[in-house]
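A structural walkthrough
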Amino acid sequence: MAKRIDANDLNVYYGKFLAVEGVNINIEPRSVTAFIGPSGCGKTTFLRTLNRMHEVLPGAHVKGKVLLDGDDIYGPGVDPVTVRSQVGMVFQRPNPFPTMSIKENVLAGFKLNGKRLSKSDADAIVEKSLRGANLWNEVKDRLDKPGSGLSGGQQQRLCIARTIAVEPSVILMDEPCSALDPISTLAVEDLINELKNEYTVVIVTHNMQQAARVSDKTAFFNIAGTGKPGKLIEYAETSTIFNNPVEQATEDYVSGRFG
Amino acid sequence: MTTQKTPLEDAVSQPIAASTSTGDAPAGPERRHGRSRLTAGQLPKWTPYAVGAAALVLSAAIMALIGFNVAGWVIIAAIAYVVGMYAVTLIRENRRKATDGLWRNLIIGAFLIALVPLISVMWTVISNGWQGITQPGFFASDMQGITGKYDRAAQAGEGPILGGIAHALVGTLLITAATTIISVPIGLLASIYLVEYSNDNLFSKIIRFFVDVMTGIPSIVAGLFAAGFMLAVFSFFGAAPGAQTIGLSAAIALSVIMIPIVVRSTEEMLRVVPNELREASAALGVRKWRTTLKVVLPTAISGIASGVTLAIARVVGETAPILVTAGFTVATNWNLVKDWMMALPVYIYYQLTTPTAPQAPEPSMIRAWGGALVLIILVMLLNLLARAVAKWLAPKTAGR
């Protein structure tokens, strides 16, 4: 199920603007990797190149390679839709589909693609995904109610359930807890810990305690100044990054001296 | 707790003690009418009524000198009231309150003036049209065989007012339905292109500019375009001249007016669909056309539907483009692609300008007002429908 990700000399451009430069990173399967760094340093941009979501913006393109278990996702003839069905994504703000019920939201990956599911299959997927997202007990009695009626934390876990329902190999999370209260954050962090048994999880976070709590390895991104490209400064075991980093910039950032 | 007060407690308790010890003396005389010191010096609540009554009396007196009429009486009274309130407040209270009241009165006055034409139109049409729509057979019969003879008899009180709007109602409904069927798919797809696919390229900017221009073109131009276009098409296929004057030509003329309205309103609605939903769908591995069809459109559908309904309401009252494309007739015609067709606005126009019996125009006037009332009711129903549809299709958010 879970696949490894390798980026080789990856440059990300918005039109002519070089946003992220020269990223080399190897992300192991069944692990949690956290991206930290100041705002605008390109960690979200880099995350979105891992499932080609950055291409939603006109003019965005990359140079270099991103390998998903050895297959280049930017290779000629690769359909971004195929990539995205293997690399799921959870966004900063919970975004359940407002026109759909909780159940339909979980099944959105199938329903929107026009796949027919038998009722028993659909029910099984809904229960498995919602249990996987630690949401089943809270919503099992109101599966036909609108998803937008849930609290923010529940909505975010619904979005995670929606993502794992289509059984991707990798789950990308773009600051999944920044719009949530501490209790909901705790629920999502517990969930991330469970998810790594089956998936490769990559998470962008501004919260360094969160990175320390949930991740196995941490990547620190930084930017030299406005208009300059973001770079991967240091990538190591989380304990190394937070306790004895190699780079001075990393130490300054994690110890709160800047940023 | 110690008995010694902290500085904070001291600060809090002092003013309270001061006010309770000295509060009685000045409050006593001022509280006569249930007022506190805070409301002292204010005008009593009945002041506006008193000033209003005085203004009405003064106005009546002025009108009595120059000859009484109700409109003048109300207008002069209103002016006198505004001036009077300003003067009274200025003398009894202060300049700030007087200015505040003056502007409030002027704004209320402007609102009432804006309501006058609206209410006046509604009142005129209802009072004049009521007699028309309550004639027996007004909705069921057309004007076939209704000659001046019957109208002269009706005006002389020797017979009922015959004839009705059946043919015009049928024509309006058919032409409007055909217009909707032509315009909605084109308008909807065009706006989907503009919002979802164009990436704001030069072509889309040109389309948007011309759509804006088209929303403002005079409707007669749309009519002439459709008439010329259909004439060219028909003569290309060798049809006899004049065969292009059919209901469908009118529907094309109205489509020229309706498509830009649908494009604009739908575009606005699609733009307010949050980008997050498109991204959420794309991240699930859903193709763009499916995302548009199953996420974007359902989210915006209530706004789109009400926009379309309002666009229909806009074209249902067009006269000139129908007159030059579908002509006019006295018989009911159910066929959109053959023979001339009547529509309600054209019916009203013809009943007013060319009465069936020129010597006895009264029955034609009654029929015209009746048609106008039906048209207004139609537009009103469409507006209500738009609201109902918007409410019915809106994404449900309850249940937290």
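Remember, it's a predicted structure, so these values are computed and weren't measured experimentally. (Residues numbered from 1 in each chain as written. Chains lettered and ligands numbered in written order. Predicted model: local features only at pLDDT ≥ 70, side-chain atom pairs only at ≥ 80, totals over all residues. Heavy atoms only, no water.)

**Examining the state of the cysteines**
Residues and elements named next belong to chain A. By the definition in use, this model includes zero disulfides over all chains. Looking at the unpaired Cys41, the closest cysteine sulfur is the one in Cys177, lying at 18 Å. Note on Cys41: relative accessible area 1%, which makes it buried. (Disulfide = S-S within 2.5 Å. Buried < 20%, exposed > 50% of the residue type's maximum accessible area, 1.4 Å probe, protein only.)

**Side note on the layout of surface pockets**
A probe matching the size of a water molecule, rolled over the atoms, marks out where space remains unfilled. Its boundaries defined by the atoms lining it, the largest pocket holds a volume of some 810 Å³. Forming the boundary of the largest pocket are 28 residues, of which Val56 of chain A together with Glu196, Asn275, Arg278 and Lys288 of chain B lie nearest the centre. At the level of elements, α2 (80-86) of chain A together with α7 (166-197), α10 (247-271), α11 (275-283) and α12 (288-316) of chain B are the ones that each hand at least two residues to the lining of the largest pocket. (1 Å grid on protein atoms, 1.4 Å probe; cavity = no way out; pocket = protein on both sides within 12 Å on 5 of 7 lines; lining within 4 Å. Points joined across faces, edges and corners; volume = space filled by probe spheres on them. Helix = DSSP H or I, 4+ residues; strand = E, 2+ residues; numbered from the N terminus.)

**Comments concerning the pattern of salt bridges**
Here the structure, examined in full by the defined rule, presents 24 salt bridges over all chains. Of the charged contacts, one joins Glu28 of chain A and Arg4 of chain A as a salt bridge, the two residues approaching to 3.3 Å between their closest N and O atoms. In this pair, Glu28 of chain A sits in the loop between β2 (17-27) and β3 (32-36) while Arg4 of chain A sits in the segment before β1 (5-14), placing the two residues 24 residues apart along the sequence. Under the relative-accessibility criterion, Glu28 of chain A is labelled partly exposed at 37%. Overall, the relative accessible area of 25% leaves Arg4 of chain A in the partly exposed class. For Glu279 of chain B, the salt bridge goes to Arg48 of chain A, with nearest N and O atoms at 2.6 Å. (Salt bridge = Lys/Arg side-chain N within 4 Å of Asp/Glu carboxyl O.)

**Details of the packing of α7 of chain B against α12 of chain B**
Residues and elements named next belong to chain B. One way to put it is that α7 packs onto α12 with a least axis distance of 10 Å and a crossing angle of 140 degrees. Accordingly, the angle class assigned to the pair α7 and α12 is oblique. For the element pair α7 and α12, the recorded crossing hand is right-handed. Residues Thr172, Thr176, Thr180, Val184, Leu188, Ile192, Glu196 and Tyr197 of α7 lie in contact with α12, whose contacting residues are Lys288, Trp289, Thr292, Val296, Leu297, Ile304, Val308, Ile312 and Val316. Of the residues contributing to the contact of α7 with α12, the split by class is 11 nonpolar, four polar and two charged. (Axes fitted to C-alpha atoms, helices over the stretch in contact; angles between N-to-C directions. Parallel < 35°, antiparallel > 145°, perpendicular 65-115°, else oblique. Left-handed = near helix turned anticlockwise from the far one by under 90°. Contact = heavy atoms within 4.5 Å. Nonpolar A, V, L, I, M, F, W, Y, C, P; charged D, E, K, R; others polar.)

**Points about the interface of chain A and chain B**
Tallying the contact residues gives 35 residues for chain A and 23 residues for chain B. Summed over both partners, the interface of chain A with chain B buries about 2400 Å², with 58% contributed by carbon and sulfur atoms. Along the contact surface separating chain A from chain B lie three salt bridges. Note that Arg287 of chain B is salt-bridged to Asp79 of chain A, the shortest N-O span being 2.7 Å. Looking at the side of chain A that touches chain B, the elements that each hand over two or more residues are α2, β6 (87-90), α4 (108-111) and α7 (152-165) of chain A. Tallied by class, the residues present in the side of chain A that touches chain B amount to 16 nonpolar, 12 polar and seven charged. (Buried area = accessible area lost by both parts, 1.4 Å probe.)

**Brief notes about the domain arrangement of chain B**
All names here are of chain B. Each domain of chain B was delimited in the assignment, giving domain 1 (42-129) and domain 2 (166-393). For domain 1 and domain 2, the distance between their C-alpha centres works out to 43 Å. Contact residues are listed per partner, giving six residues for domain 1 and six residues for domain 2. Considering only the surface of domain 1 that becomes buried against domain 2, Val125, Asn128 and Gly129 emerge as the three largest contributors, covering 68% of it. Linking domain 1 to domain 2 there are zero salt bridges. One can count zero residue pairs in polar contact (both at pLDDT 80 or more) joining domain 1 with domain 2. When the residues that make up the side of domain 1 that touches domain 2 are grouped by side-chain class, the tally is three nonpolar, three polar and no charged. (Domains from an automatic or database assignment. Polar contact = N/O pair within 3.5 Å; in protein donor to acceptor, adjacent residues only side chain to side chain.)

**Here's the deal with the packing of aromatic side chains**
Enumeration over the complete set of coordinates arrives at 13 aromatic pairs over all chains. Note on Phe220 of chain A and Tyr253 of chain A: the rings are 5.0 Å apart at their centroids and 35 degrees apart in plane angle, and the pair reads as tilted. Residue Phe220 of chain A is found in strand β9 (residues 217-223), and its partner Tyr253 of chain A is found in helix α11 (residues 248-254); the two are separated by 33 residues along the sequence. Judged by relative accessible area, which is 0%, Phe220 of chain A ranks as buried. Ring geometry for Phe225 of chain B against Phe229 of chain B: centres 5.8 Å apart, planes inclined by 15 degrees, an arrangement best described as stacked. Here the residue Phe225 of chain B and the residue Phe229 of chain B both occupy positions in helix α9 (residues 219-236), the gap between them amounting to four residues, near one helical turn. Phe229 of chain B sits in the partly exposed class, given a relative accessible area of 40%. (Phe/Tyr/Trp six-rings, centres within 6.5 Å; stacked < 30°, edge-to-face > 60°.)

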